[in-house]
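# Reading the structure
Residue-level listing of the chains:
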Protein chains: 4
Amino acid sequence: MPESPRSARREHWREIIFESETPAGRRFDVTLLWLIGLSIVCVMLESVPSIKRDYGQPLLVIEWVFTILFTLEYLTRLCVVHRPLCYARSFYGIIDVLSILPTYLIGVFPGLQALLVIRVLRMMRMFRVFKMARHVNGAELLVRALYGARAKITVFFAFMLAISVVSGTLMYLIEGPEGGFTSIPTGVYWAVVTITTLGFGDITPVTTLGRLLTSVLALTGYAVIAVPTGILTSELSKLDGDDTSDACPSCGVHGHLPDARFCRRCGAPMA
Amino acid sequence: MPESPRSARREHWREIIFESETPAGRRFDVTLLWLIGLSIVCVMLESVPSIKRDYGQPLLVIEWVFTILFTLEYLTRLCVVHRPLCYARSFYGIIDVLSILPTYLIGVFPGLQALLVIRVLRMMRMFRVFKMARHVNGAELLVRALYGARAKITVFFAFMLAISVVSGTLMYLIEGPEGGFTSIPTGVYWAVVTITTLGFGDITPVTTLGRLLTSVLALTGYAVIAVPTGILTSELSKLDGDDTSDACPSCGVHGHLPDARFCRRCGAPMA
Amino acid sequence: MPESPRSARREHWREIIFESETPAGRRFDVTLLWLIGLSIVCVMLESVPSIKRDYGQPLLVIEWVFTILFTLEYLTRLCVVHRPLCYARSFYGIIDVLSILPTYLIGVFPGLQALLVIRVLRMMRMFRVFKMARHVNGAELLVRALYGARAKITVFFAFMLAISVVSGTLMYLIEGPEGGFTSIPTGVYWAVVTITTLGFGDITPVTTLGRLLTSVLALTGYAVIAVPTGILTSELSKLDGDDTSDACPSCGVHGHLPDARFCRRCGAPMA
Amino acid sequence: MPESPRSARREHWREIIFESETPAGRRFDVTLLWLIGLSIVCVMLESVPSIKRDYGQPLLVIEWVFTILFTLEYLTRLCVVHRPLCYARSFYGIIDVLSILPTYLIGVFPGLQALLVIRVLRMMRMFRVFKMARHVNGAELLVRALYGARAKITVFFAFMLAISVVSGTLMYLIEGPEGGFTSIPTGVYWAVVTITTLGFGDITPVTTLGRLLTSVLALTGYAVIAVPTGILTSELSKLDGDDTSDACPSCGVHGHLPDARFCRRCGAPMA
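All values derive from a computational prediction rather than experimental measurement. (Residues numbered from 1 in each chain as written. Chains lettered and ligands numbered in written order. Predicted model: local features only at pLDDT ≥ 70, side-chain atom pairs only at ≥ 80, totals over all residues. Heavy atoms only, no water.)

## Re the overall build of chain A
Applied cut-off: What counts as a helix is a DSSP run of H or I of at least four residues, what counts as a strand is a run of E of at least two, and both are numbered from the N terminus. When checking whether two residues touch, look at their non-hydrogen atoms; a contact exists if any pair is within 4.5 Å. Surface accessibility follows the Shrake-Rupley procedure with a 1.4 Å probe radius. Residue values consider only the protein chains on display as shielding.
The helix and strand inventory of chain A stands at 13 helices and 0 strands. Reading the helices (α) and strands (β) of chain A from amino to carboxyl end gives α-α-α-α-α-α-α-α-α-α-α-α-α. Sequence-distant contacts in chain A: of pairs separated by 6 or more residues, those separated by 24 or more amount to 54%. Total accessible area computed for chain A in this model is approximately 13,700 Å², and 68% of it derives from carbon and sulfur atoms.

This is the structure we're talking about:
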């Protein structure tokens, strides 16, 4: 099918922007990744009071430069994609808009009363972080393994929550409001902090019984971490197996190494 | 065997309430799960002083609604089950009673002196959490893996406790009551908090020798976590094999290795 | 070879005390285990100031009862063992003496000035904890796995120590004595506490650079825990394989399940 | 090829210093390892104020002895190595220089104003720690496993950082400067400390929403640790296979599966 020069150019740009197989496409992705990273660093620096006081003006300029760059990128994406509406409503399409919108909204509604809201909106540009995930290669295997183990992981989290709720309630009864356990939700928060071996130390047991329960909970959390690890390890090894598993065309044995040229059981050449 | 319409209806309800294979049974289980979750949230909210002051009355009403619902559920279970006494004395039968009893006891003994006891009794409704485990699918594999590894896990816990007792005693001798290590049980509590890498920081070493021992203990706990993980991972991978294997067509035994060509129990060829 | 009745009786007792295959031997071991556990609980309780004040006298009596019992046990062991000197100089022989000696030494030197030394000596009875390990079944597999991986584990610990020393030194330079990092050893202690994700919080970074290094160190410790886990998991799975691996007498294939009666590859009966 | 006695002697020394196959070479390495360890302990002791005051003079002498010994070692290495320039510019060549330079610089510039810089330079001798890694056997397998999994580990770290940045920003918005979250970088530092289950407790949430987010973050960090563990375990088990397999007798390729009967590269039967 002959293509018009314009649609060929559009297709050329689509490949650069949306695909990363060509050298130009890869260069575009890496550049974008660096720009996103830099813009996030700027937002973070702006939140430090001393930096905002001294370098507030330059940071605002940089912020607008980034916003305009990302706006141009978004418009180009809309132009070159095959089905613009489908892209605009996709997960990344929405993220792309959310990551540039806050700066414009600050420009449009420059009222004093909106200051707090603005702060919240600005932070939404942090969604740019999620854009990074798309550009990093190899994340898919992990996502597939987590997806395959989602039932077991859900059960595990439910189990952890059940233990946390019961332990938090018991600690609320044992230690009471005097020991910092002012309510059951606080106790559950403490139990989660304890069972994950986080241990902030903002709330700690003082009674003997409370300390005994804490020890049991800590040992449980310490030992039970084996569960998600065991689940994911077996899931990952399954997927690793999937990647390398071509059956021998002659004897049908599976599980060959990735670089196998001959079947290790019957010696027949692999296709 | 022809059944009377009444026993057929009873059997129909038994399937809905006790089994989860039919769509109606699954819907019943999910509804019950949500009700249990909501009732737990209510108990948790009631324990927050500010919420209890403002919304104490509505929460009491909701509490009674839940209690009556769960009581009806318990009575229906007793009616439709084949052997009611056997169910009533089973683990879940007892949990079902314990999760509704406290509210009634508060109603029957409304004395001031019983207030503290009541608080404890109310919290027993938290046992409803354990009821959730029954309704979540897929928990069985984990339970079987933990059951299969119970001997090794017991040894591991004994080993951890032995290290904790010895380390706690040594720290009690090294740091002494001045450093917060007021007794050997306190030292053991600190050792458990340290070896599980929880690290509250309510008791910390100040002497050089104490810090050296803490470093050794922390590194031990950090490295030794590999033990339960290794145990459970190999146990889970064994059980995973069980799930994916076919039964022997001749004797029906499960759990064959993936490359099995003959049944390991009766020697019959596998299909 | 005919044995005299006396040597037969001695051999009978030796089997009860040193072996745990016979029912009598197992019963002896379990009883001893409980006695050791109880004696440790008594020493721990004695260290709590309030309990010592109220129950000091009964605890002293119980302490002497335990010491006499363990002394009798030690003498019986010496009598019935084949080579008493060899046992007395073995690891457990020395531990057995150390676990009874302190009580006698307190009795022999009852001076005021020796009080502190006595406290140290009494605690040595905690070595009884190590005796428990001998009596718990199934610990051997773990010990063998740890022994097989000792080279890798040593390398891992050396690596962790090297990172801790370098990080601790850097933090000493970055944060300085003002931030609690009073010397390089203190910095190394902090680095060990951080890299093991223990995190007491007694010493925390306050400068931006210090917090950046802390984040890097925490992420390193978080990710690097995979190393000992990976080492031990592969070591344990190797040993698990060892346990179940009888070769098929007909075709020589290894790796059968523990309950296999027929080879899964050729169908021949297993011996 | 006949060698001159001098080049033979040089080669003999090269083997002792650079290789560890011969008994003399192993003895040299172990001696050097101990010397490096001792010199690091000296630097650490010197940083403790009380020790520096009392033993400053002897420590300075020991420091110079170590520096001269390591200088001689470095010069000998330069003499006996085949390509001195190549060694001098290699990673370990630079480390070797950096580990002796600071002491000389303190001797050359003995000004008051340089005191702080001197302190930094002295600490650079800590790079000697890295020299230890070269001398410990068996570290290579771990390095190879980490190298093989570098893509997945990078993705994992990027994922952790993304979660930390987003969580830290959210906590900055939720808790605000009053709760210790003074800026987004501080929030990100807190998020890293929390997700790695380090939990210093220097900054802790106080609002209900903040505690809820903390619980979610802690559970995420607790479960997600399964990812690097799973990655490395499967990588190590792959490499373990490499170690135990025989080379193909025909083409010399390593890394066959345990049950291989034919070489997967050339198809020749394995012995």
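Right, picking up where we left off after that structure.
## Examining the UniProt feature "transmembrane region" (unreviewed entry) in chain A
Residue and element names in this part refer to chain A. For clarity, the threshold we go by: UniProt positions are given in the numbering used here, feature names are shortened, and annotations may be inferred rather than shown by experiment.
In this structure's numbering, the residues bearing the UniProt feature "transmembrane region" (unreviewed entry) are residues 30–48, 60–77, 97–121, 153–174, 180–200 and 212–232. The distance from the first to the last C-alpha atom of residues 30–48 is 28 Å, and the span holds 95% helix and 0% strand. Within the segment residues 180–200, helix and strand shares are 57% and 0% respectively, and the terminal C-alpha atoms sit 13 Å apart.

## Description of a nonpolar patch on the surface
Residue and element names in this part refer to chain C. The condition is simple: For patch building, the residue pool is restricted to those with more than 30% relative accessible area and no salt bridge; the joining distance is 9 Å between like charges and 5 Å between nonpolar side chains (Val, Leu, Ile, Met, Phe, Trp, Tyr). Salt-bridge detection follows one rule: a side-chain nitrogen of Lys or Arg within 4 Å of a carboxyl oxygen of Asp or Glu. Only protein chains enter the accessibility calculation, which uses a 1.4 Å probe; a residue is then buried when its area is under 20% of its type maximum, exposed when over 50%, and partly exposed in between.
A cluster of nonpolar side chains, namely L60, W64, I68, L72 and L75, defines an oily patch on the protein surface of about 430 Å² accessible area. Considering the arrangement of structural elements, one finds L60 in helix α3 (residues 49–80). Since its relative accessible area comes to 36%, L60 is described here as partly exposed.

## Structural notes on the packing of aromatic side chains
The following threshold applies: Each Phe, Tyr or Trp ring (for Trp, its six-membered ring) is paired with any other whose centre lies within 6.5 Å, and the angle between the two planes then decides the class: stacked below 30 degrees, edge-to-face above 60, tilted in between.
Tallied over the full model, the rule gives 24 aromatic pairs over all chains. Between D:F156 and D:F157, the ring centres sit 6.2 Å apart and the planes meet at 80°, which makes this aromatic pair edge-to-face. Residue class for D:F156 comes out buried when judged on its relative accessible area of 3%. Members of the aromatic cluster, connected to one another through ring pairs, are A:F156, A:F157 and D:Y222.

## With respect to helix α2 (residues 23–47) of chain D
The following threshold applies: Each helix should span, by expectation, one fewer than its residue count multiplied by 1.5 Å.
With 25 residues, α2(D) extends 37 Å from end C-alpha to end C-alpha; this agrees with the ideal 36 Å at 1.5 Å per step. Turning to α2(D), its buried residues are D:G25, D:D29, D:L32, D:I36, D:S39, D:I40, D:C42, D:V43, D:M44, D:E46 and D:S47.

## What to know about the packing of helix α10 (residues 150–175) of chain C against helix α11 (residues 184–195) of chain C
Residue and element names in this part refer to chain C. Rule in force here: Only C-alpha atoms enter the line fits that serve as axes; for helices the fit covers just the stretch in contact. Angles between N-to-C directions range over 0 to 180 degrees. An angle below 35 degrees is treated as roughly parallel, one above 145 as roughly antiparallel, one from 65 to 115 as roughly perpendicular, and anything else as oblique. Two helices cross in a left-handed way if the nearer one is turned anticlockwise from the farther one by less than a right angle. They cross in a right-handed way if the turn is clockwise. For this classification, the nonpolar set comprises Ala, Val, Leu, Ile, Met, Phe, Trp, Tyr, Cys and Pro, the charged set comprises Asp, Glu, Lys and Arg, and every other residue, Gly included, is treated as polar.
Contact geometry of α10 with α11 gives a least axis separation of 7 Å together with a crossing angle of 125°. Judged by the angle between their axes, α10 and α11 are oblique. In this structure, α10 meets α11 at a crossing whose hand is right-handed. Seen from α10, the contacting residues are M160, I163, S164, V165, S167, G168, T169, M171 and Y172; seen from α11, they are I184, G187, V188, W190, A191, V192 and I195. The residue inventory of the contact of α10 with α11, partitioned by class, reads 11 nonpolar, 5 polar and no charged.

## Some remarks on helix α1 (residues 5–18) of chain C
Residue and element names in this part refer to chain C. Condition: Here the arc refers to the directions that run from the helix axis out to each C-beta atom.
Across its 14 residues, α1 extends 20 Å between first and last C-alpha, which sits within 8% of the 20 Å expected from 1.5 Å per residue. Along α1, the residues classified as buried are R14, I16 and I17. End-on view of α1: buried residues confined to an arc of 165°, all on one side of the axis. Buried positions along α1 lie against α2 (23–46) and α3.

## So, the nonpolar core
Going by this rule: Residues belong to a common nonpolar core when they are buried Ala, Val, Leu, Ile, Met, Phe, Trp, Tyr or Cys residues joined through side-chain atoms within 4.5 Å.
Ranked by internal contacts, the top residues of the largest apolar core, which has 164 residues, are A:W190, B:W190, C:W190 and D:W190. With near-sequence residues (within four places) excluded, D:W190 lies in contact with A:F200, D:M171, D:F181, D:I203, D:T204, D:P205, D:T214 and D:L217. Counting 18 residues, the second-largest nonpolar core is a separate cluster that includes B:V165, B:L173, C:L32 and C:I40.

## Some remarks on the packing of helix α1 (residues 5–18) of chain A against helix α3 (residues 49–80) of chain A
All names here are of chain A. Running from N to C, α1 and α3 point in directions that differ by 130°, and their axes come no closer than 9 Å. Comparing their axes, α3 and α1 come out oblique. Both α1 and α3 take part in a crossing whose hand is left-handed. Contacts between α1 and α3 pair R10, W13, R14, I17 and F18 from the former with T76, R77, C79 and V80 from the latter. Residue composition of the contact of α1 with α3, by class: 5 nonpolar, 1 polar and 3 charged.

## Observations concerning unusual backbone geometry
Its identity is not glycine, yet A:T197 carries a phi of approximately 55°, on the positive side. Inspection of the secondary structure assignment puts A:T197 in the loop between α11 (184–195) and α12 (208–224).

## Points about the environment of D:A145
When you line up the elements, D:A145 lands in helix α9 (residues 139–148). D:A145 gets classed as buried once you look at its relative accessible area, which sits at 0%.

## Overview of the state of the cysteines
Where we set the bar: Disulfides are defined in this document as cysteine sulfur pairs within 2.5 Å.
Using the criterion set out here, one finds 0 disulfides over all chains in the structure. A:C79 takes part in no disulfide bond, and the closest cysteine sulfur to it belongs to A:C86, at a distance of 16 Å.

## Digging into the pattern of salt bridges
Applying the stated criterion to the full structure yields 12 salt bridges over all chains. Among the ionic pairs, A:E11 bridges to A:R14, the shortest N-O distance being 3.1 Å. Separated by 3 residues within a single helix, A:E11 and A:R14 lie in helix α1, roughly one turn from each other. The class for A:E11 is partly exposed, based on a relative accessible area of 23%. Of the charged contacts in the structure, one is a salt bridge between D:D54 and D:R53, with a shortest N-O distance of 3.5 Å.

## Some thoughts on the confidence of the model for chain A
Residues and elements named next belong to chain A. As a reminder of what qualifies: Scored from 0 to 100, pLDDT reflects the predictor's confidence in each residue.
The pLDDT averaged across chain A works out to 76; a share of 73% of its residues lies at or above 70. Ranking the elements of chain A by mean pLDDT puts helix α7 (residues 115–123) last with 48 and α11 first with 92. Contacts for the low-pLDDT stretch residues 241–245, under 50 throughout, to residues beyond four places or in other chains number 5 contacts. Predicted as a complex, the structure gets a pTM of 0.80 and an ipTM equal to 0.77.

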